[in-house]
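Tertiary structure, described
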Amino acid sequence: MTGTKLFRDPVHGYISVPTDYCERFIDHEIFQRLRRIEQTSMRVLYPSAHHDRFSHSLGVYYLGQLAFSYLEENSVDLRDKAILKNSFLLACLLHDCAHSPFSHTFEKKYEQNKENNLPIRLFSCLNDESFSEDFSNASPSPHEIVSSIVAIETFGDNIKKSGGDLNLVARMITGCTYSSVGKDIQNCIISLLNGFSIDVDKLDYIIRDTWASGVNNIKIDERRLLSSLLIRKNKDGIYKIYFKKHALSVIKNAIDARNFLYEWVYSHHKVEYEQYLLSTSVNKLLELESSNEEFSKSLFSIDSLYSVKQVKDYCFYLPSDGDILYFLKKNIHNIPEAQELITRKYKNKALWKTKAEYTHYLRGIDDKRRKNILKRAKEKLNLFFNEKGIPETTVVKEIKIKLIALPKDEIFIDIDGEDASFTDLFPEKVSSGSNLYFIPYIPISGYKFKKDLVGILRGLQ
Amino acid sequence: MCHEIDSEIVLANILKEKEECSFFDLITKKREIEAQLADVWVDVTKKSVFASIENHPNMFSWGNERIHKVAGSTLFESTYIDNYFNEDIEEEIRSTVITILTE
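Keep in mind that this is a model prediction, so the values were computed, not measured. (Residues numbered from 1 in each chain as written. Chains lettered and ligands numbered in written order. Predicted model: local features only at pLDDT ≥ 70, side-chain atom pairs only at ≥ 80, totals over all residues.)

1. Details of the overall build of chain A
Stated precisely, the cut-off is as follows: The secondary structure listing takes helices from DSSP runs of H or I that are at least 4 residues long and strands from runs of E that are at least 2 residues long, numbered from the N terminus. We compute the radius of gyration over the C-alpha atoms and compare it with the globule rule, which gives 2.2 Å times the number of residues raised to the power 0.38. Here the contact rule is simple: place C-beta atoms from the backbone, and any two residues whose C-beta atoms are within 7 Å are in contact.
Regarding its fold elements, chain A presents 21 helices and eleven strands. Here chain A has a C-alpha radius of gyration of 24 Å; the compact-globule value for 461 residues is 23 Å, and the two agree. For chain A, the spread of C-alpha atoms along the principal axes amounts to about 75 × 55 × 40 Å. Long-range contacts, defined here as pairs at least 24 residues apart, represent 72% of the contacts in chain A between residues at least 6 apart.

2. A look at the interface of chain B and chain A
What counts is decided by this rule: In this count, Pro and Cys sit with the nonpolar residues alongside Ala, Val, Leu, Ile, Met, Phe, Trp and Tyr, while Asp, Glu, Lys and Arg are called charged and the others, Gly among them, polar.
Taken together, the contacts link 19 residues of chain B with 24 residues of chain A. Contributions of two or more residues to the side of chain B that touches chain A are made by α2 (23-36), α3 (46-55) and α4 (78-85) of chain B. Top contributing element to the side of chain B that touches chain A by residue count: α3(B), with six residues. Its residues placed into classes, the side of chain B that touches chain A shows 13 nonpolar, three polar and three charged.

3. Side note on the pairing of strand β1 (residues 4-9) of chain A
Residue and element names in this part refer to chain A. To keep it simple, the criterion reads: Strand pairing requires that DSSP identify at least two bridges connecting the strands.
Across six bridges, β1 lies against strand β2 (residues 13-18) in antiparallel orientation. Pairing of Arg 8 across the sheet is with Tyr 14, part of β2. In this antiparallel pair of consecutive strands, β1 and β2, the connection spans three residues.

4. Notes on the environment of Asp204(A)
Residue and element names in this part refer to chain A. As a reminder, the rule being used: Think of it as a crowd count around each C-beta: if 20 or more other C-beta atoms lie within 10 Å the residue is buried, if 12 or fewer it is exposed, and in between it is partly exposed, with C-beta placed from the backbone throughout.
On the secondary structure map, Asp 204 appears in helix α11 (residues 200-213). Judged by local crowding, Asp 204 falls into the buried class, with 26 C-beta atoms found within 10 Å. Between the C-alpha atom of Asp 204 and that of Phe 88, which follows or precedes it by 116 residues, the distance is 16 Å. Residues within four places of Asp 204 in sequence aside, it is in contact with His 56, Gly 59, Val 60 and Leu 63.

5. A short note on the confidence of the model for chain B
Just so we agree on the cut-off: Every residue gets a pLDDT, meaning the predictor's confidence in that residue, from 0 to 100.
Taken as a whole, chain B shows an average pLDDT of 93; of its residues, 99% reach a score of 70 or greater. When pLDDT is averaged over each element of chain B, strand β2 (residues 20-21) of chain B comes out on top at 97 and α4(B) at the bottom at 88.

6. Focus: the nonpolar core
Stated formally: Residues of type Ala, Val, Leu, Ile, Met, Phe, Trp, Tyr and Cys that are buried and joined through C-beta atoms within 7 Å form what is called a nonpolar core.
Counting 115 residues, the largest nonpolar core has Ala91(A), Cys92(A), Leu94(A), Val169(A), Met172(A), Ile251(A) and Ala254(A) as its most contacted members. With sequence-adjacent residues up to four places away left out, Cys92(A) is seen in contact with Val60(A), Tyr61(A), Gly64(A), Leu193(A) and Val200(A). Of all hydrophobic cores here, the second largest spans 27 residues; its members include Ile9(B), Leu26(B), Val40(B) and Met59(B).

7. Structural notes on the sheet that holds strand β4 (residues 239-244) of chain A
Residues and elements named next belong to chain A. Keep this limit in mind: The axes used here are C-alpha line fits, helices contributing only the stretch in contact, and every angle between their N-to-C directions lies in the interval 0 to 180 degrees.
Overall, mixed pairing links the four strands, which are arranged β3-β4-β9-β10 in an open sheet. For this open sheet the edge positions go to β3 (229-233) and β10 (418-421), each flanked by a neighbour on one side alone. Across the sheet, the mean angle from the axis of one strand to that of its neighbour is 45 degrees, orientation sign disregarded. Relative to β10, strand β9 (residues 412-415) runs antiparallel, the two sharing four bridges. Within the sheet, the bridge partner assigned to Ile 415 lies in β10 and is Glu 418. Across the sheet, helix α10 (residues 184-193) is in contact with β3 and β4; its angle to β4 comes to roughly 50 degrees.

8. Observations regarding unusual backbone geometry
Residue and element names in this part refer to chain A. In this structure, Pro 119 follows Leu 118 across a cis peptide bond, with omega equal to -5 degrees. Mapped onto the elements of the fold, Pro 119 is located in the loop between α5 (107-112) and α6 (120-126). In this model, Ser 103 sits at a positive phi of 45 degrees, which is unusual for a non-glycine residue.

9. Regarding the domain arrangement of chain A
Residue and element names in this part refer to chain A. Inclusion rule: Domain boundaries shown here were taken from an automatic or database domain assignment.
Along its sequence, chain A is organised into domain 1 (4-266), domain 2 (269-346) and domain 3 (348-405 + 431-461). For domain 2 versus domain 3, the separation of C-alpha centres amounts to 29 Å. Between domain 2 and domain 3, the contact holds five residues from the first and eight residues from the second. Residues of the side of domain 2 that touches domain 3, tallied by class, amount to three nonpolar, one polar and one charged.

10. Structural notes on the environment of Arg369(A)
Residues and elements named next belong to chain A. Positionally, Arg 369 belongs in helix α19 (residues 367-388). With 14 C-beta atoms packed within 10 Å, Arg 369 lands in the partly exposed category. A sequence separation of 92 residues divides Arg 369 from Gln 461, and the C-alpha atoms of the two residues are 6.3 Å apart.

11. Things to note about the packing of helix α1 (residues 7-17) of chain B against α3(B)
Residue and element names in this part refer to chain B. Operational definition: Note on terminology: angles under 35 degrees are roughly parallel, angles over 145 are roughly antiparallel, angles of 65 to 115 are roughly perpendicular, and the others are oblique. The hand of a helix crossing depends on one turn: near helix anticlockwise from the far one by less than a right angle means left-handed, and clockwise means right-handed.
The interhelical angle for the contact between α1 and α3, taken along N-to-C directions, is 65 degrees, at an axis separation of 9 Å. Taken together, the axes of α1 and α3 lie roughly perpendicular to each other. Classified by chirality, the crossing of α3 by α1 is right-handed. In contact with Ser 7, Glu 8 and Leu 11 of α1, α3 contributes Ser 48, Val 49 and Ser 52. For the contact of α1 with α3, the per-class residue count stands at two nonpolar, three polar and one charged.

12. Observations regarding the sheet that holds strand β11 (residues 436-443) of chain A
All names here are of chain A. Strand order in the open sheet made by the three strands is β7-β11-β8, with antiparallel pairing throughout. Pairing within the sheet leaves two strands with one partner each, and these edge strands are β7 (348-350) and β8 (395-400). For this sheet, the mean angle separating the axes of adjacent strands, direction not counted, is 30 degrees. Across three bridges, the pairing between β7 and β11 is antiparallel. Across the sheet, the residue bridging to Ala 350 is Tyr 441, located in β11.

13. A closer look at α3(B)
Taken across its ten residues, α3(B) has nine buried, putting it largely inside the fold. Along α3(B), the residues that are buried comprise Lys46(B), Ser48(B), Val49(B), Phe50(B), Ala51(B), Ser52(B), Ile53(B), Glu54(B) and Asn55(B).

14. Digging into helix α16 (residues 321-330) of chain A
Residues and elements named next belong to chain A. Selection criterion: As used here, the arc is the angular range of directions from the helix axis to the C-beta atoms.
The complete set of buried residues in α16 reads Ile 324, Phe 327 and Leu 328. All buried residues of α16 project into a common sector of 100 degrees when viewed along the axis, lining one side. Turned more than 90 degrees from where α16 packs its buried face, Gly 322, Tyr 326 and Lys 329 sit exposed. Considering only its buried residues, α16 is in contact with α14 (269-288) and α17 (336-343).

Shown next as structure tokens:
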């Protein structure tokens, strides 16, 4: 190691990174591209939320360092595990290295593009049968698969030079635990980056998104939480991650803070509408360019991260948010949703804004009828607007708030050396119930008829 | 355009025919559908499946690394599955998708 470099981070303070890591990973164009990938879709709501995948990746690395050093301090069986530690820190740094433009909005496009050959390309990189066997149980998201591929294809040699193991790094990024026996310590560390409930990735985005938005969310004392981590055998002799009892309040806070963001920020009606405009615009763009097969293959292509690809007038290289906006601007006259998105002159407004309002307006109506209302809402509302001479631009969007429901035995607490399950201590955290609902977005000039429109929807059988 | 099949549709159809399934079963079905239908993408990731379980607590539950049909659930009758879930599948691919999921 040849010294360290410091990054000033508004969330965590100074983040110290080995100079080797800067030269081998951070200074690479693939990693620098993350400066141009927006972290979330909530900027429409919070004007200062300009943070990106670059600062998030550094933040996860920082929390990973902190978590592992506390684990080493608290767990006898984790000492002298250099390969595991190096692999973990590298996986933290590289976990989003090939995230899609506009992050989660388009990550599925990478899997839909058959040329990327997911996940076979990842299996070929690793050439490890046990990985492909364990892969199904992990069922990683497309951005995790693509980031693992790019981490190995681009940074493989440097990962090895930095003392990491390629297989472990890929497993950590994809959350792919081992099914074979004797790997339970490795599985603990995999879940510390990509687990079900609390991991360093989630911790950073909860804290960072809260900071960047300025929203009044529950505060998480991350040092108290991470300092409570330890790995030890449970009563069946299997290594598990435990939180010491002094972190109970912070665990609750972390779960509540995450759910707060999902319920009130990421699923906000404005955010959802902007997401609709963005994804519809890009789908229409791909349709418009469907005669140009190379276009759709290149826009969401892993190979476009590696080298410049010229397709007619377009140049594809390290695609990021700006490229998508550029393509949409070029087609602004052909895609009404792109015009709406770029000018921010929205045609529609949410008929109701929250799940609470939806529940109130559709009270007494069972799930089956609500689904029927969802299916017929657009047609019925547009019929009303047609009669009133109002543009028929209604859009109905189904919203799925992804709150954490903890399975039993997911988080373990060490109470004076004895095992306890978090969900046994706090059973109310097991499930929060269904969070499905829908929002009709209606033409702004039709909003004055809100009561009539709700009445029409309630009357649908 | 690529047709997208939501994980809740996959779960509802598979669990209509049996009491439980694993992620391996879901991924196998996903691959089978995508191999047969070129322009179809099946959304089966850990995150999407857990969101579906969470959003349909009267139908699906999670335990012992498997997804289970909720005991005594009356929501697995054919008409409900067809009206509530399968109608969301585009008509031209519906029968192929359902056949693969339920066989």
